[in-house]
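Chain residues, written in single-letter form:
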Amino acid sequence: MPAVTVENILALPRLDEPAESAVDRPVKSITTAPVGYEGEGFPVHRAFAGIDLSALDPFIHMDQMGEVNYAPGEPKGTPWHPHRGFETVTYMIDGIMEHQDSNGGGGVIGGGDTQWMTAGGGILHIETPPEHLVLSGGLFHGVQLWVNLPRDNKMASPRYQDITGNKVALLSSPDGGALVRVIAGDIAGHAGPGSTYTPIALSHTTIAPGASLTLPWNPEFNAIVYVLAGEGTVGAERRPIRVGQTAVFGRGDSITVAASDRQDSQTESLEVFILGGKPIREPIAMAGPFVMNTKSEVMQAFEDFQAGRLGSIPAAHEKLS
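Before going into details, it helps to say that this report is about the structure given with it. (Residues numbered from 1 in each chain as written. Predicted model: local features only at pLDDT ≥ 70, side-chain atom pairs only at ≥ 80, totals over all residues. Heavy atoms only, no water.)

## Remarks on the overall build of the chain
This is how it is decided: Each helix corresponds to a stretch of at least 4 residues labelled H or I by DSSP, and each strand to a stretch of at least 2 residues labelled E; elements are numbered beginning at the N terminus. C-alpha atoms define the radius of gyration in this analysis, and the globule rule sets the expected value at 2.2 Å times the number of residues to the power 0.38. In this scheme, a residue with accessible area under 20% of its type's maximum is buried, one over 50% is exposed, and one in between is partly exposed, where area comes from a 1.4 Å probe on protein chains only. By the convention used here, residues are in contact when the closest approach between their heavy atoms is within 4.5 Å. Only the protein chains shown count as covering a residue, and every accessible area follows the Shrake-Rupley method with a 1.4 Å probe. A residue counts as positive if it is Lys or Arg and as negative if it is Asp or Glu; His and the chain ends are not included. Every charge is mapped to an atom, namely NZ of Lys, CZ of Arg, CG of Asp or CD of Glu.
Across its full length, the chain carries three helices and 26 strands. Computed over its C-alpha atoms, the radius of gyration of the chain comes to 19 Å, within 12% of the 20 Å expected for a compact globule of 321 residues. Overall, the C-alpha framework of the chain stretches about 60 × 45 × 35 Å when taken along its three principal axes. Counting over 321 residues, the chain shows a buried share of 55%. Taking the contacts inside the chain whose residues are at least 6 apart along the sequence as the reference set, 73% of them involve residues at least 24 apart. As displayed, the chain has an accessible area near 13700 Å², and 50% of this comes from carbon and sulfur atoms. Taking the average location of the 21 positive side-chain charges in the chain and that of its 36 negative ones, the two points are 6 Å from each other.

## Side note on the environment of Asp24
Heads up, the rule is: Each polar contact in these results corresponds to two N or O atoms within 3.5 Å; when the atoms are within protein, one needs to be able to donate a hydrogen and the other to accept it, and residues that are neighboring in sequence are counted only if both atoms are side-chain atoms.
Along the chain, the position of Asp24 falls in the segment before strand E1 (27–32). Of the residues examined, Asp24 reaches a relative accessible area of 22% and is grouped as partly exposed. Separated by 274 residues in sequence, Asp24 and Val298 have C-alpha atoms that sit 39 Å apart. Once residues within four sequence positions are removed from consideration, Asp24 is found in contact with Thr214, Gly235, Ala236, Ser254, Ile255 and Thr256. Among the polar contacts listed, one links the side chain of Asp24 to the side chain of Ser254, at a separation of 2.9 Å.

## Considerations on the packing of aromatic side chains
How we decide: Each pair of aromatic rings taken from Phe, Tyr and Trp, with Trp reduced to its six-membered ring, is defined by centres within 6.5 Å and is described as stacked if the planes are under 30 degrees apart, edge-to-face if over 60, and tilted in the remaining cases.
Considering all chains together, one arrives at four aromatic pairs under this definition. Ring geometry for Phe86 versus Trp146: centroids 4.4 Å apart, planes at 35 degrees, classification tilted. Of this pair, Phe86 sits in strand E6 (residues 86–94) while Trp146 sits in strand E11 (residues 138–148), and the two are 60 residues apart along the sequence. Neither residue differs from the other here; Phe86 and Trp146 are each classed as buried. Between the aromatic rings of Tyr91 and Phe273, the centroid separation amounts to 6.0 Å while the plane-to-plane angle is 25 degrees, which identifies the pairing as stacked. You can see Tyr91 sitting in strand E6 and its partner Phe273 sitting in strand E24 (residues 270–277), a full 182 residues away along the chain. Classification of Tyr91 by relative accessible area gives buried; the value is 2%.

## Quick word on helix H3 (residues 295–306)
As a reminder of what qualifies: In a helix, the anticipated span is given by 1.5 Å times the number of residues less one. Relevant arc is that of directions from the helix axis to the C-beta atoms, nothing else.
Its 12 residues place the ends of H3 17 Å apart at the C-alpha level, agreeing with the 16 Å of an ideal helix rising 1.5 Å per residue. Taken together, the buried positions of H3 are occupied by Val298, Ala301 and Asp304. The arc that holds every buried residue of H3, seen down its axis, measures 120 degrees, which confines them to one face. In H3, those exposed residues whose orientation departs by more than 90 degrees from the buried face are Lys295, Ser296 and Gln306. In this structure, the buried side of H3 is in contact with strand E25 (285–287) and strand E26 (290–292). Phi turns positive, to about 85 degrees, at Gly308, one or two residues after H3.

## Brief notes about the nonpolar core
How we decide: We call a set of buried residues a nonpolar core when its members are Ala, Val, Leu, Ile, Met, Phe, Trp, Tyr or Cys and they connect through side-chain atoms within 4.5 Å of each other.
Judged by nonpolar contacts, the single largest core of 32 residues is most densely connected at Phe48, Phe59, Met62, Leu145, Leu202, Phe273 and Leu275. Only strand E4 (59–70), E6, E11, strand E14 (178–184), strand E17 (200–207), strand E19 (224–229) and E24 provide two or more residues apiece to this core. Among the nonpolar cores identified, the runner-up in size contains 28 residues, and Ile187, Val227, Val234 and Phe249 belong to it.

## Focus on unusual backbone geometry
A cis amide bond links Asp57 with the next residue in sequence, Pro58, at an omega value of 20 degrees. Among the secondary structure elements, Pro58 is positioned in the loop between helix H1 (53–56) and E4. Cis geometry is found at the peptide bond from Gly66 to Glu67, where omega equals 10 degrees. Relative to the helices and strands, Glu67 resides in strand E4. Even without being a glycine, Ala188 presents a positive backbone phi close to 55 degrees. The partly exposed category is assigned to Ala188, whose relative accessible area is 36%. The phi dihedral of Arg281 is positive, around 60 degrees, even though this residue is not glycine. Mapped onto the elements, Arg281 comes out in the loop between E24 and E25. Taking relative accessible area as the criterion, Arg281 reaches 65% and is therefore assigned exposed.

What follows is the structure, encoded as structure tokens:
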């Protein structure tokens with residue numbers, strides 16, 4: 001799990017210790033993500049399955065894509081599909097993904113890169129592994145997160161942010177036992193490169209075996225930890241957690257995550273995706289690739305898609321549809 005690493009973690013800016021008056025957030029729930037399949041059949045873990053949307057707000061969906069080691073000819077992606085009313089955040093840990101849209105945008109993201117797509121009023125989109133990766137096979141691993149948009153931004157113009165791995169903010173825990181990669185938002189005064197409509201914070205954090213991280217966290221945000229690899233504990237109460245599980249925290253000023261002294265033979269450290277945001281607290285009407293405020297708005301999105309008002313597949317790619 002390379003993503004973004006450093007040779008000397010102690011040379012990075014250090015996180016401050018939480019204030020003595022800080023309240024460590026209690027763990028409200030731990031759930032296990034079921035396995036599903038997305039797009040043309042690639043495996044995913046549904047990280048938020050079984051968790052009430054009110055506890056996730058402003059997030060609405062998250063998949064861990066893989067981790068899977070494809071044989072030659074096996075890598076899969078998604079066909080052309082529409083989105084409206086939210087943002088998709090695709091963070092690649094291993095492997096390569098190409099993306100294109102109906103506005104002519106697109107690019108390539110690899111290990112440590114993030115593709116941040118604001119669907120807004122509507123866009124058609126496709127994500128596929130490059131041809132050379134299909135031929136060779138290889139490791140594929142990443143996360144896709146859906147971030148809701150407030151009512152006033154639901155119909156914003158679509159846009160992309162291609163955040164390469166060398167742009168994320170890198171931080172060390174006070175003792176050097178954890179590497180914190182800030183993808184978006186602000187964590188303890190350190191800002192990541194991602195620009196958001198709703199105040200949120202996203203981090204991919206690596207915690208060495210036996211190490212513990214107490215991360216200062218905005219008290220106005222909710223707090224969620226998903227385990228990408230390894231095992232450890234969460235909260236001051238040290239509740240056990242392992243790969244494929246999601247912890248939702250209660251109110252407080254900091255989040256504590258610790259790695260077990262020993263990891264399995266396939267895992268060097270505890271790898272977690274830490275996220276939180278300021279709840280939007282608006283009604284959600286959601287169906288397939290559309291996330292709106294009312295059922296009638298969802299129906300309108302389907303009508304607009306069928307009428308071609310969300311865009312059209314570029315001529316160069318019609319044969320792929």
